[in-house]
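These are the residues of each chain, in order.
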Amino acid sequence: AQAAGAAALGDADYVRRSQELVRRNREALRLELAAIPRLRVFDSAANFLLLRLSWPPTAADIADRLLHDCKIAVRVCGNYEGLSSQYFRVAVREEAENSRLAQALRGLLSTERTARCAARKRLTAAQLMLHCTILSCALPSSTKVPAAPR
């Protein structure tokens, strides 16, 4: 494996193609995530993007929901110097995986879903995300969601 890796790094054309693929996928993911309300995307030259939530829940809450509901792992960055509990980063991956991540984040942060949950339960924003959000990747869109118990 090390020999293959060394050979790939020695292949200038392979390195150029890989860098271009990451650049294209990063820009497409950046644009897709930037369209999600309550989410700020920071420019990057690496194979990941730094994101900040504009309101609770925390990045750890989002990371837990993504991992539990969609089997998507993100890196919480609240322990990085100068960053708060609202920051996390995502890896730039293949187009289909990037779209799946964006869809999951849209589901978690959607105004409509948050409003429906808030009307059904009188909870804080963090509680809404933990107790009330059902992601589109977790259930087919045709699934009927039962009302919360009163």
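Residues numbered from 1 in each chain as written. Predicted model: local features only at pLDDT ≥ 70, side-chain atom pairs only at ≥ 80, totals over all residues. Heavy atoms only, no water.

Visitor: What is the right way to read the environment of Ser44 from this model?
Guide: Inspection of the secondary structure puts Ser44 in the loop between β1 (39-41) and β2 (48-53). With 18 residues separating them in the primary sequence, Ser44 and Arg26 have C-alpha atoms 8.2 Å apart. With near-sequence residues (within four places) excluded, Ser44 lies in contact with Arg26 and Leu49. Within the structure, the side chain of Ser44 is placed 2.8 Å from the backbone oxygen of Phe48, a separation counted as a polar contact. (Helix = DSSP H or I, 4+ residues; strand = E, 2+ residues; numbered from the N terminus. Contact = heavy atoms within 4.5 Å. Polar contact = N/O pair within 3.5 Å; in protein donor to acceptor, adjacent residues only side chain to side chain.)

Visitor: Mind showing me how you'd approach the pattern of salt bridges here?
Guide: Charged atoms that come close allow side chains of opposite charge to pair. Scanning the entire structure with this criterion turns up 9 salt bridges. Where Glu20 meets Arg24, a salt bridge forms, and the shortest distance between an N and an O atom there is 3.7 Å. Pair noted here: Glu20 and Arg24 are both in helix α2 (residues 12-34), with a separation of 4 residues, about one helical turn. With a relative accessible area of 28%, Glu20 lands in the partly exposed category. Overall, the relative accessible area of 43% leaves Arg24 in the partly exposed class. One salt bridge connects Arg65 with Asp69, and the closest N-O pair in it is separated by 2.9 Å. In this pair, Arg65 and Asp69 both sit in helix α3 (residues 59-70), 4 residues apart, roughly one turn of the helix. Comparing Arg65 with Asp69, the two get one shared label, buried. Beyond isolated ion pairs, a larger network of salt bridges with shared partners links Asp13, Arg16 and Arg17. (Salt bridge = Lys/Arg side-chain N within 4 Å of Asp/Glu carboxyl O. Buried < 20%, exposed > 50% of the residue type's maximum accessible area, 1.4 Å probe, protein only.)

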